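Understanding the architecture of this molecule
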Amino acid sequence: MPKLHIDSALCSGCGLCQSACAFGAIAVAGKRAVVAQSRCILCQGCIGACPRKAIALEAEKPDSVDSVHHKGVWVFGEMKDGNPHPVTQELLGKGRSLADDLGCKLTVAVPGLDAARYSKTLIQAGADEVLLCESPSLAQKLEEPFAELLAREIGERRPEIVLIGATPFGRSLAPRIAAKLNTGLTADCTELAVDPETRLLLQTRPAFGGNLMATIVTKNHRPQMATVRPGVMAPATLNSDRRGTVRHAEYDVAYSAVQLLQRIQEQTDSDLSAAQVVVCAGRGIGEKKNLRLVRQLAQALGGTYGVTRPLVDLGWSDQSRQIGQTGWSVRPKLLISCGVSGAVQHLAGIGGTEMVIAINNNENAPIFSAAHYRVVGDCVEILEQMLLELKARHN
Amino acid sequence: MRQDLIQEVADCHKIYLGDESRRFGQAESISFPTTEGEMTAVLTRMWKSQTPVTIQGGRTGLAAAAVPQGGHILNLTRMNGVLGLREAEGRFFLRVQPGVVLSQLRDNIARRTFDTKGWDADSLYAYHRFQVGAEQFFPPDPTEASATLGGMAACNASGARSYRYGPVRQHITALRLTLSSGDPLILRRGECRAKDRELLLHTEGGNTLTLTLPTYQMPRTKNASGYYIEDNMDAIDLFIGSDGTLGVVSELELALSPLPGHIWGVSCFFAHEEQSLCFVEAVRSLGDAIGAIEYFNCGVFELLRRNKEENPAFSGLPDIPRNADNAVYVELHCTCRKDAEELLYTLGQYMEAQGGHEENTWVARTQEDLDLLHFFRHAAPECVNLLIDQRRKLHPGIAKLGTDMSVPDDCLHQVIAMYRRDLKEAGLEHAVWGHIGNNHLHVNILPWNEDDFAVGKALYRHWAEAVTEMGGAVSAEHGVGKIKAEYLDVMYGPMHIREMQQLKAALDPEWILGQGTLFPVRKEASV
Amino acid sequence: MKIVVCVKQVPGTARVPLDPVTHTIRREGTRSVLNPFDSCALEQAVQIAERTGAKTLALSMGIADTELLLRDAISRGIDGGMLLSDRAFAGADTLATAYTLSMGIRRAGGADLVLCGKMAVDGDTGQIGPELAEFLGMAHVTQVTKILAVTDKSVTVKRKAEGESQLLQVRLPALLTVVREGCVPRLPSIRGIRAGERARVPVLDANGLGVDTGRTGLAGSPTQVVRTFMPQRESEAVSLGGSAQEQSTALISLLQEVGTYA
């Protein structure tokens, strides 16, 4: 049975592991840290917190899977309303560099009736092979038929890596495939790289509900699956000299468990993904009613506004305005951050910004590590002043 | 003194001319000192030129004490440092500047994290002990958590939990003040007491002040009206609740309390008001573990139900049970879970004894649920503000009309019957909520037009007289400020008002601080 | 009709403070709570039960004191609870967790409808729902905002997709993951709390559940964390100081310079 082990020779009793454990499973007694095994859920959050690397996980060595026969990087090419989803081009960019590192092929699988005419573009974006499936059963974008088709193809072709965009559809599709193939899936990766020694995919994402990053691997199962949020990776550039092949697959299973009755277009005026100027509100705005200051500033600057996760959790704003790992990733020219502390999950959503101006009354707030301009002060007061000044200049 | 410390009031200072009472004033100059030295320099300058000074914190007050009537605004929000920590006899004491914001303070205490830059070795040691010891909290919980500690001291702030923990006065162990002349005064609780009604103060500047305290008896109820005066009183209590008229607070020492292991909130819904009043009286007998007892009448329910439907900001409100006319919210503060459970079932029994049903309750035991009930409780005043703002568009002469009066325990039924009768007779729309545990209810009259407003104001005055007769207080927690000065007169009468003015004149002979607050300016500087 | 709601115990708050000196995570004496998205799943289940008379069960995989969470679910109107607890389940990633939960649902006699919260606030992956549906062999729909109609053959739901909402009809048995919008989870009453205290909550270990321990816990997890680290912290930002007014003026000048505001 795996369990956590603390090396008492290395342990100094500093208690940082105790502070890092969100489940109260570590206590410092007599200058040594001790694990209460019955409370430990093996989340491994303490391992990274120990400055002396005294904590390790004792686990039995599982059998290794024959990974030699798995070759190739696959990208799920999601389509949206007849066009490739922007995330597809981003994944192709990353997929291409991973395939080059591994010395293997990059395949983009694009099920659906509207994909064929994009084959050339997909190849120019880096794909060596385009896999199409234009069977009528896939006319509607539904998870189960797509998952069945892709699992089948992946099972036959055996790629070592499969990347899927973490769009609402992708987040529903990827785990269905992973469970069918009994393999590992890491969601919302912010970095992907190949370990030069082991050739394993290093999947990095913010973790432990806080300010730590975790790097994850899928050692003994294939394919290694990962999802990436739109806006996190840079899109591939098109190279008109690239050549590749197109393959067609069939899928004749009639699917009826889920029927799409109606599509209702949403009025989203919060198009954060394309905004050039964004004003973001964090917990530091104090109260819900202060959001209007953020809205007004965004309006005055011709931009849009967003919020961080705590404000959505509090019910002050809708999830459609959330900027961060589980919300929007934005790449504006300018982002003004008001009362945002800068949790790693939020920073993951603003990495593409050209200029970040952060306002926070805590001079140690992590947001400042990602900012170009740092304003230490009460964001509500500063917002009020800015609005007054802007109004005065307008008149 | 740096050049730009004292600024001329300009357009960008508009927000500093008003506070949460929705009144607006005027001023010629403003300053935002960051240190006591700067604050004293400003005060001295104003004192020399006999310029009136209005002291401001977060401007969250409801009685317009922070609204200037000319002169200089001394805004202390930039004096917001936490200066040190002390441990004594198992309790922790935090030294703060007046501009520290309550919500920030609560956050720091909960996360056990302070900015300790500049702290001395003793404080750092106490900080270490604080981080590893039992969880602490700062009990006073006024509704508006963006209030500053200085302001809270000035009006002796209270909240729902004052039922058990008392107003902020009981959590301040030391004050450092500056008198209008710039002379500092240090007061530690227990070290300086009056002899009957004579109080001797020794300032840091070497002056001795002999104060003759007013001769009135304060009501035995929850009270924030006028100066705190008692035989043999502690000097520090004179300045707490003095509404910014006696001196400027430059430092406070706050006592923290151990956080109860289990805080549960229970909303109990009743079909008739009589049931809830009897229920409240029964709950009062349950002793120490009751942290708060709050009340919401049918007028509040109407407001909330309407807003839940019409206003997206309130769509997150839980659905109030169909047949409920009013509710009593009881907060349990227990050390162990078993006690909380037993108390909970006892509340259920008490409810049934009054003809209620224990399935008509909402019990909050998790932070998420407590926050929801918190949101529910604060929705009432928010909805009232929105309503008045709306109606004011058509009738600019109206304003918020909320009472803040308390009466002794045995007058609860009497005072509620009076409110109900008078409001029915006058035909005024209203909502009543508040700290029923202390017989302290906010009766909010919702005027449609200027006529309603006038009738409402007259009722208010009539109630001030009746409440005084019952032995209660006209302002139980908001303070008198400027807008309730006339009611202070009703409560104490012209002779005692004169005594208060004389007391003020002894500490601020030039009458510089807080002009218009508590009472009108006396032409003679001293008597 | 039988409804199973899968719930998870998570750390008390997602707001994990950093020690300003050491830059490590500070525990705040947080208590474990029910994953906020799961409270909505529970609420939906209770509402459906009120409409249709369905039987509801709250299911969780966790340590022993997760039982309190299940009793809390019962106090809010759920009919029963079941806890899957064993050292062999610890360290599970989403695949291993989904497997274990699927065995729990089979042991409980199956389900017509399974409800899960959209994701857990400590893991954020949103993967359990679809993986569990695959192991149970049922259809799944994620991001459900409203459950409109329930019959013994199907449910009709509204769900969020990209830039649009969709109305779907799903044949039972099915699994739905629900979001929080428009959901106000009910609070327990005193009576409900008493029911929660008195309920019998079975606790099943690996043997009782009949699972293959090679597929549970850390042993059954294809993904493993190999490294945790603090992200880079150097700040090269330009500071704008002074009073709020001064900072505001400086900001507006800056905005003019970069052409955002003319």
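All figures in this text were calculated on a predicted structure; none of them were measured in a lab.

The helix and strand inventory of chain B stands at 13 helices and 21 strands. For chain B, whose C-alpha radius of gyration is 23 Å, the value lies close to the compact-globule estimate of 24 Å for 527 residues. Across its three principal directions, the C-alpha atoms of chain B cover 65 × 60 × 50 Å. Every one of the 527 residues in chain B was classed for burial, and the buried ones make up 50%. Long-range pairs, those at least 24 residues apart, make up 72% of the contacts in chain B between residues at least 6 apart in sequence.

Turning next to the interface of chain C and chain B. At the junction of the two partners, chain C supplies 17 residues and chain B supplies 22 residues. Broken down by element, the side of chain C that touches chain B gets its largest block of residues, three residues, from helix α5 (residues 190-198) of chain C. A class-by-class count of the residues in the side of chain C that touches chain B yields nine nonpolar, five polar and three charged.

We now examine the environment of Val101 of chain B. With respect to the helices and strands, Val101 of chain B occurs in the loop between β6 (91-96) and α2 (102-111). If we skip the residues at most four places from it in the chain, Val101 of chain B touches Gly58, Asn80, Ser146 and Thr148 of chain B.

What follows covers the interface of chain A and chain C. Contacts between the two partners involve 91 residues from chain A and, on the opposite side, 82 residues from chain C. By residue number, the principal contributor to the side of chain A that touches chain C is helix α5 (residues 168-181) of chain A, which donates nine residues. Of the residues assigned to the side of chain A that touches chain C, the class counts are 47 nonpolar, 27 polar and 17 charged. Strand direction decides the pairing type here: strand β17 (residues 258-265) of chain A and strand β9 (residues 164-171) of chain C, joined by seven bridges, are antiparallel. Of the residues in β9 of chain C, the one forming a bridge with Gln265 of chain A is Glu164 of chain C.

Moving on, we get to the domain arrangement of chain A. Residues and elements named next belong to chain A. In terms of domain boundaries, chain A breaks down into domain 1 (3-58), domain 2 (73-248) and domain 3 (272-394). At the junction of the two partners, domain 2 supplies ten residues and domain 3 supplies twelve residues. Taken together, the residues of the side of domain 2 that touches domain 3 sort by class into four nonpolar, four polar and two charged.

The geometry of α5 of chain A relative to helix α4 (residues 128-136) of chain C is characterised by a closest axis approach of 8 Å and an angle of 40° between their N-to-C directions. Considering the angle they form, α5 of chain A stands oblique to α4 of chain C. Here α5 of chain A runs over α4 of chain C; the crossing is right-handed. Within the contact between the two elements, α5 of chain A uses Ser172, Pro175, Arg176, Ala178, Ala179 and Lys180 of chain A and α4 of chain C uses Pro130, Glu131, Glu134 and Phe135 of chain C. Of the residues in the contact of α5 of chain A with α4 of chain C, the class split is five nonpolar, one polar and four charged.

Residues and elements named next belong to chain A. Take Gly339: it is sitting in the loop between β20 (334-338) and α8 (344-347). Once the C-alpha coordinates of Gly339 and Gly282 are considered, the two residues, 57 residues apart in sequence, prove to be 4.8 Å apart. If we ignore the near neighbours within four places in the chain, the residues touching Gly339 are Ala281, Gly282, Arg283, Gly284, Ile285, Ile359, Asn360 and Cys379.

Take the domain arrangement of chain B next. Residues and elements named next belong to chain B. Partitioning chain B into structural domains gives domain 1 (6-75), domain 2 (82-258) and domain 3 (262-469). Between the C-alpha centres of domain 2 and domain 3 the distance comes to 29 Å. Classifying every residue of the side of domain 2 that touches domain 3 gives two nonpolar, three polar and four charged.

This next bit is on unusual backbone geometry. In this model, Arg222 of chain A is joined to Pro223 of chain A through a cis peptide bond whose omega is 0°. Relative to the helices and strands, Pro223 of chain A is located in the loop between β14 (212-218) and β15 (224-228). Here the residue pair Leu172 of chain C and Pro173 of chain C is connected by a cis peptide bond, since its omega of 5° sits within 30 degrees of zero. Along the chain, the position of Pro173 of chain C falls in the loop between β9 and β10 (174-178). The backbone phi angle of Ala64 of chain B is positive, close to 70°, even though this residue is not glycine.

Moving on to the sheet that holds strand β4 (residues 72-75) of chain B. Working definition: the strands of a sheet are paired by backbone hydrogen bonds and lie parallel or antiparallel to each other. Residues and elements named next belong to chain B. Taken in spatial order, the four strands line up as β1-β2-β4-β3 in an open sheet, and their pairing is mixed. Each end of this open sheet is capped by a strand with a single partner; those strands are β1 (6-8) and β3 (53-56). Shown here is a sheet whose adjacent strand axes are inclined to one another by a mean of 25°, direction ignored. Here three bridges tie β1 to strand β2 (residues 29-31), and the two strands are oriented antiparallel to one another. Residue Gln7 lies in a different strand from β2, and its bridge partner there is Ile30.

Okay, the sheet that holds β10 of chain C next. The strand order across the open sheet built from ten strands is β17(A)-β9(C)-β8(C)-β7(C)-β10(C)-β6(C)-β1(C)-β4(C)-β5(C)-β11(C), with neighbouring strands paired in mixed fashion. Edge positions in the sheet fall to β17 of chain A together with β11 (203-204) of chain C, since each has one partner strand and no second. Here strand β7 (residues 139-150) of chain C pairs with β10 of chain C via four bridges, running parallel. Counterpart to His140 of chain C in the pairing with β10 of chain C is Leu175 of chain C. Contacts from helix α1 (residues 36-52) of chain C reach β1 (2-6), β4 (55-61), β6 (113-117), β7 and β10 of chain C, with the element oriented near 150° to β6 of chain C. The sheet contacts of helix α2 (residues 66-75) of chain C involve β4, β5 (80-84) and β11 of chain C, and relative to β5 of chain C the element is tilted by about 165°.

Among the nonpolar cores identified, the biggest contains 200 residues, and Cys17, Val294 and Cys338 of chain A together with Val5, Val114, Leu115 and Leu132 of chain C are the most heavily contacted of them. In this structure, Val5 of chain C is in contact with Ala41, Leu42, Ala45, Thr56, Ala58, Leu59, Ile78 and Leu115 of chain C, ignoring residues within four places of it in sequence. Core analysis: the second largest hydrophobic core is formed by 92 residues, Leu199, Ala235, Ile512 and Phe519 of chain B among them.

A word on helix α6 (residues 291-300) of chain A. All names here are of chain A. Among the residues making up α6, those that are buried are Leu293, Val294, Leu297 and Ala298. On an axial view of α6, the arc spanned by its buried residues comes to 135°, and they lie on one face. Looking at the buried side of α6, the elements it contacts are β18 (277-281), β19 (304-307), β20 and α9 (379-394). Positive phi appears at Gly302, one or two residues downstream of α6, with a value of about 70°.

Turning to the packing of α9 of chain A against helix α7 (residues 244-257) of chain C, a few remarks are in order. Running from N to C, α9 of chain A and α7 of chain C point in directions that differ by 55°, and their axes come no closer than 8 Å. For the element pair α9 of chain A / α7 of chain C, the angle class is oblique. Crossing angle aside, the handedness with which α9 of chain A passes α7 of chain C is right-handed. Touching Glu381, Ile382, Gln385, Met386, Glu389 and Leu390 of chain A of α9 of chain A are Ala244, Gln245, Gln247, Ser248, Thr249, Leu251 and Ile252 of chain C, all from α7 of chain C. Here the residues of the contact of α9 of chain A with α7 of chain C are counted per class, giving six nonpolar, five polar and two charged.

Let us now look at the pairing of strand β8 (residues 154-161) of chain C. Residues and elements named next belong to chain C. Burial along β8 is one-sided: Val155, Val157, Arg159 and Ala161 are buried, and none of Ser154, Thr156, Lys158 and Lys160, which face the opposite way, are. As paired elements, β7 and β8 share five bridges and run antiparallel to each other. If you follow Ile147 over to β8, its bridge partner there is Val157. Across eight bridges, the pairing between β8 and β9 is antiparallel. Within β9, the position partnered with Val157 by the bridge is Leu168. Between the antiparallel neighbours β8 and β9 lie two residues, among them Gly163 with a positive phi of about 70°.

Attention shifts here to α7 of chain C. With 14 residues, α7 of chain C should reach 20 Å at 1.5 Å per residue; the first-to-last C-alpha distance of 20 Å fits that figure. Within α7 of chain C, burial applies to Ala244, Gln245, Gln247, Ser248, Leu251 and Leu255 of chain C. Buried residues along α7 of chain C cover an arc of 160° about the axis, so they all sit on one side. Away from the buried face of α7 of chain C by more than 90 degrees, exposed residues Ser253, Gln256 and Glu257 of chain C are located. Contacts made by the buried residues of α7 of chain C are with β21 (355-360), β22 (373-376) and α9 of chain A. Gly259 of chain C sits one or two residues past α7 of chain C and shows a positive phi near 85°.

Rules used throughout
Each chain has its residues counted from 1, following the order in which its sequence is written. The lettering of chains begins at A and the numbering of ligands begins at 1, in the order of writing. Local features in this predicted model are restricted to residues whose pLDDT is 70 or higher, and side-chain atom pairs enter the listing and the counts only when it is 80 or higher, whereas totals over whole chains, interfaces and linings include all residues. Secondary structure follows DSSP: runs of H or I at least 4 residues long count as helices, runs of E at least 2 residues long count as strands, and numbering of each begins at the N terminus. Note on method: radius of gyration uses C-alpha positions; expected globular size equals 2.2 Å times residues raised to 0.38. Counting other C-beta atoms within 10 Å of its own, a residue is labelled buried from 20 upward, exposed at 12 or fewer, and partly exposed in the gap between, with every C-beta atom placed from the backbone. Contact criterion: two residues are in contact if their C-beta atoms, reconstructed from the backbone, are within 7 Å. Ten residues, namely Ala, Val, Leu, Ile, Met, Phe, Trp, Tyr, Cys and Pro, are considered nonpolar, four, namely Asp, Glu, Lys and Arg, are considered charged, and the remaining ones, Gly among them, are considered polar. Only strands that DSSP links by at least two bridges are regarded as paired with each other. Note that the domain bounds reflect an automated or database-derived domain assignment. In this analysis an axis means a line fitted to C-alpha atoms, helices contributing only their contacting stretch, and an angle means the value between N-to-C directions, from 0 to 180 degrees. Here is the rule for angles: anything less than 35 degrees is roughly parallel, anything more than 145 is roughly antiparallel, 65 through 115 is roughly perpendicular, and the remaining ranges are oblique. Helix crossings are classified by the rotation of the near helix relative to the far one: an anticlockwise turn of less than a right angle makes the crossing left-handed, while a clockwise turn makes it right-handed. Connectivity within a nonpolar core runs through C-beta atoms within 7 Å, and the core itself is a set of buried Ala, Val, Leu, Ile, Met, Phe, Trp, Tyr and Cys residues. As used here, the arc is the angular range of directions from the helix axis to the C-beta atoms. Helices are assigned an expected span. That span is 1.5 Å times one less than the residue count.

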